[in-house]
Amino acid sequence: MSKLFEPISLGKLTLENRIVIAPMCQYSSDEGKATAWHHAHLGQLSFSGAGLLILEATAVEAAGRISAEDLGLWDDATEAAMKDLITGLRANSKMPLGLQLGHAGRKASCAAPWNGGAQIPKSAGGWQTVAPSAVAFTEGTEAPEAMSLARIDELKKAYVETVRRADRLGFDLLELHGAHGYLLHQFLSPLSNQRTDQYGGSLENRMRLLLEIFQEIRAEFPAEKPIGVRISATDWVDGGWDLEQSIELAKALDKLGCSYIHVSSGGLSPHQKIAVGPNYQVPFADGIKRYVKMPVIAVGLITEPEQAEAIIGTGQADMIALARGILYNPRWPWHAAAKLGAKVSAPKQYWRSEPHGLKGLFHSE
């Protein structure tokens, strides 16, 4: 039996396999509202047979968007557009749906990647960014505004309000985005957090905001529904956030009842030096898994079914996440099941595509 295709439970939510579709920004929204692109993009991924689909980083306030085209869930208009999207997905697929809650912090107000991705200054139509400290992401760009305690309180309320909207929309799971150099990661790392109050300095203080927000949204979202956290396990920069600190954060989240931890890396500093290769982030997931009870998700250049099977089978992680790989091959789980001798869900309209010699590959959703 394939380990990759064994079910796993996150609280009361059971996933039919260990394949997760990671959040992937599409830069295709209309003032935060989901568009026809999201219906097409997420619709095809919802047919893939993965165990879980997590929607892209969704801003909890307009100022938290990476780009003006980022998805959001902060008002009635963005909620209505999201409702149309979720209704359409649910009509055609039973795949569990998660939402990643994001805020870009000092990495906000940027152009879409295909337009260069550079930060857009206020004078050119951008907006004021915020961060733990007034330290720009790159030299020559406008510095963010250091967040006051009152502004931090506003941020917490924004997260809670977005969670209320997500609950009304019927999401099965939430993921708190604390990775890739965005706002909560900025509070974690000593490279970006130079505060001297209760949110800066010691590791305990730098972890404080993420843990407080986790507790507030955990209290707001139904207890039977899981909430996980995505982190960058290291900044890949000397003196920055690292695996040792990530382990302490993971242990603290574990005690608070976190449902899983999704382990990525990097994104905080342009000075990062990453040795990229197959499984390059898996050792971080493995290192954290030794210290927590909650399930751990590994991600990063996991491209082959046998590779994913080995990660789960050897206990390095409990689940694997796919991003670019499943954009390139939206039927990756089908092909993985075929290679590993497993079964996978597919819409009945596609059952006729089952290859000769692989009878029994598909089972009904």
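In the block above lies the structure referred to throughout.
Keep in mind the model is a prediction, meaning the values are calculated, not measured.

*Asks:* Before we go on, may I ask you to explain the overall build of the protein in this structure?
*Replies:* Per the secondary structure count, the protein includes 10 helices and 14 strands. Projected onto the principal axes, the alpha-carbon positions of the protein cover approximately 65 × 45 × 40 Å. Looking at the protein residue by residue over its 365 residues, the buried ones come to 57%. Put simply, of all contacts in the protein between residues at least 6 apart along the chain, 69% involve residues at least 24 apart. Accessible area of the protein: about 14,900 Å², with a carbon and sulfur share of 52%. Charged side chains in the protein number 36 positive and 40 negative. The centres of these two groups are separated by 5 Å.

*Asks:* Just to check I follow, could you spell out the side chain of arginine 206 for this structure?
*Replies:* Looking at the element boundaries, arginine 206 is found in helix H5 (residues 203-220). One buried charged residue, arginine 206, remains without a salt bridge, the closest side chain of opposite sign being aspartate 242 at 7.6 Å. There is a polar contact of 2.6 Å between the side chain of arginine 206 and the backbone oxygen of leucine 188. Those residues within four positions of arginine 206 in sequence are excluded, and the remaining contacts are Phe187, Leu188, Ser189, Pro190, Asn193, Tyr199, Gly200, Gly201, Trp241 and Gln245.

*Asks:* I tried to follow the packing of helix H6 (residues 243-255) against helix H7 (residues 282-289) on my own but got confused; where do I start?
*Replies:* Each pair of packed helices can be described by the angle between their axes along with the distance between the axes. Relative to each other, H6 and H7 sit at 45°, their axes nearing to 9 Å. As judged from the angle between their axes, H6 and H7 are oblique. Along this stretch, H6 crosses H7, giving a crossing that reads as right-handed. Every residue of H7 that contacts H6 at Leu243, Ser246, Ile247 and Ala250 is listed here: Phe284, Gly287 and Ile288.

*Asks:* I tried to follow the sheet that holds strand E8 (residues 173-178) on my own but got confused; where do I start?
*Replies:* Sheet strands line up and pair through hydrogen bonds in the backbone, either parallel or antiparallel. With respect to topology, 8 strands assemble into a closed barrel ordered E3-E4-E5-E8-E9-E10-E11-E12, the strand pairing being parallel. Adjacent strand axes in the sheet meet at a mean angle of 25°, parallel and antiparallel pairs treated alike. Note that strand E4 (residues 52-59) and strand E5 (residues 97-102) share 6 bridges and pair parallel. Residue pairing for E5: alanine 57 is matched across the bridge by glutamine 100. The strands touched by helix H3 (residues 149-169) are E5 and E8; relative to E5, the strand with the most contacts, the crossing angle is about 165°. Together, strand E9 (227-232) and strand E10 (261-264) form the strand contacts of H6, whose direction differs from that of E9 by roughly 175°.

*Asks:* Explain the pairing of strand E12 (residues 319-322) to me, please; I cannot follow it from the model alone.
*Replies:* It is a general feature of regular strands that their side chains alternate between the two faces of the sheet. By the alternation rule, side chains of E12 split into Met319 and Ala321 and Ile320 and Leu322, which are all buried. As paired strands, strand E11 (residues 296-299) and E12 are joined by 3 bridges and run parallel to one another. Looking at the pairing, alanine 298 lines up with isoleucine 320 of E12. Of the crossover connections in this fold, the one passing from E11 over helix H8 (residues 305-313) to the parallel E12 is right-handed.

*Asks:* Even after reading the chapter, I still don't get the nonpolar core, so can you show me in this structure?
*Replies:* As a rule of thumb, soluble globular proteins bury nonpolar side chains together. In this structure, Met82 and Leu253 are the most contacted members of the largest nonpolar core, which totals 85 residues. In contact with methionine 82, other than residues within four places in its own chain, are Leu55, Thr58, Leu71, Gly72, Leu73, Leu99, Leu169 and Phe171. Counting residues in hydrophobic clusters, the runner-up holds 14 residues, among them Leu13, Leu15, Val20 and Ile297.

*Asks:* So what exactly am I meant to see when it comes to the pattern of salt bridges here?
*Replies:* For side chains of opposite charge, pairing can occur when their charged atoms come near one another. With the rule as written, the count across this model stands at 21 salt bridges. Two residues, aspartate 172 and arginine 90, come together in a salt bridge whose shortest N-O distance is 3.1 Å. Of this pair, aspartate 172 sits in the loop between H3 and E8 while arginine 90 is found in helix H2 (residues 76-92), placing the two residues 82 residues apart along the sequence. Where salt bridges share partners, they join Asp76, Glu79, Glu161, Arg164, Arg165, Arg168 and Glu220 into one cluster.

*Asks:* What should I look at first to understand unusual backbone geometry in this one?
*Replies:* Most peptide bonds take the trans configuration, and most residues that are not glycine carry a negative phi. Located in the positive-phi region is glutamate 31, a residue other than glycine, with phi close to 50°. Here glutamate 31 shows up in the loop between strand E3 (19-21) and helix H1 (36-45). The phi dihedral of histidine 180 falls on the positive side, at around 60°, and the residue is not glycine. Positionally, histidine 180 belongs in the loop between E8 and helix H4 (183-188).

*Asks:* How should the environment of lysine 339 be read in this particular structure?
*Replies:* The residue lysine 339 is located in helix H10 (residues 332-340) in this model. Sequence separation between lysine 339 and proline 305 is 34 residues, and the spatial gap between their C-alpha atoms is 7.2 Å. Not counting residues up to four positions away in its chain, the partners in contact with lysine 339 are Glu304, Pro305 and Glu306.

*Asks:* Honestly, the packing of aromatic side chains in this entry has me stumped. Any pointers?
*Replies:* Describing an aromatic ring pair means giving the distance of the ring centres and the angle of the ring planes. Summed over all chains, the structure comprises 6 aromatic pairs. Taken together, a centroid distance of 5.8 Å and an interplanar angle of 85° make the contact between phenylalanine 47 and tyrosine 350 edge-to-face. Note that phenylalanine 47 is positioned in the loop between H1 and E4 and tyrosine 350 in the loop between strand E13 (344-345) and strand E14 (362-363), a separation of 303 residues in sequence. Residue tyrosine 350 is classed as partly exposed on the basis of its relative accessible area of 31%.

*Asks:* Can you walk me through the layout of surface pockets in this structure?
*Replies:* The method is simple in principle: a probe with the dimensions of a water molecule rolls over the atoms, and the space it marks as empty is what remains. Space inside the largest pocket adds up to approximately 1,200 Å³. If you go around the largest pocket, you meet 44 residues; those closest to its centre are Pro23, Tyr27, His180, Tyr182 and Arg324. Every element with two or more residues in the lining of the largest pocket is listed here: E12 and helix H9 (324-328). The biggest single contributor to the lining of the largest pocket is H9, with 3 residues. Looking at the lining of the largest pocket, its residues break down into 22 nonpolar, 18 polar and 4 charged.

How each quantity is defined
Residues numbered from 1 in each chain as written. Predicted model: local features only at pLDDT ≥ 70, side-chain atom pairs only at ≥ 80, totals over all residues. Heavy atoms only, no water. Helix = DSSP H or I, 4+ residues; strand = E, 2+ residues; numbered from the N terminus. Buried < 20%, exposed > 50% of the residue type's maximum accessible area, 1.4 Å probe, protein only. Contact = heavy atoms within 4.5 Å. Areas by Shrake-Rupley, 256 points an atom, 1.4 Å probe, with all protein chains shown as cover. Lys, Arg positive; Asp, Glu negative; His and termini not counted. Charge placed at Lys NZ, Arg CZ, Asp CG, Glu CD. Salt bridge = Lys/Arg side-chain N within 4 Å of Asp/Glu carboxyl O. Polar contact = N/O pair within 3.5 Å; in protein donor to acceptor, adjacent residues only side chain to side chain. Axes fitted to C-alpha atoms, helices over the stretch in contact; angles between N-to-C directions. Parallel < 35°, antiparallel > 145°, perpendicular 65-115°, else oblique. Left-handed = near helix turned anticlockwise from the far one by under 90°. Pairing = 2+ DSSP bridges. Right-handed = clockwise from strand over helix to strand, strands pointing away. Core = buried A, V, L, I, M, F, W, Y, C linked by side-chain atoms within 4.5 Å. Phe/Tyr/Trp six-rings, centres within 6.5 Å; stacked < 30°, edge-to-face > 60°. 1 Å grid on protein atoms, 1.4 Å probe; cavity = no way out; pocket = protein on both sides within 12 Å on 5 of 7 lines; lining within 4 Å. Points joined across faces, edges and corners; volume = space filled by probe spheres on them. Nonpolar A, V, L, I, M, F, W, Y, C, P; charged D, E, K, R; others polar.

Geometric values such as these leave the question of function open.
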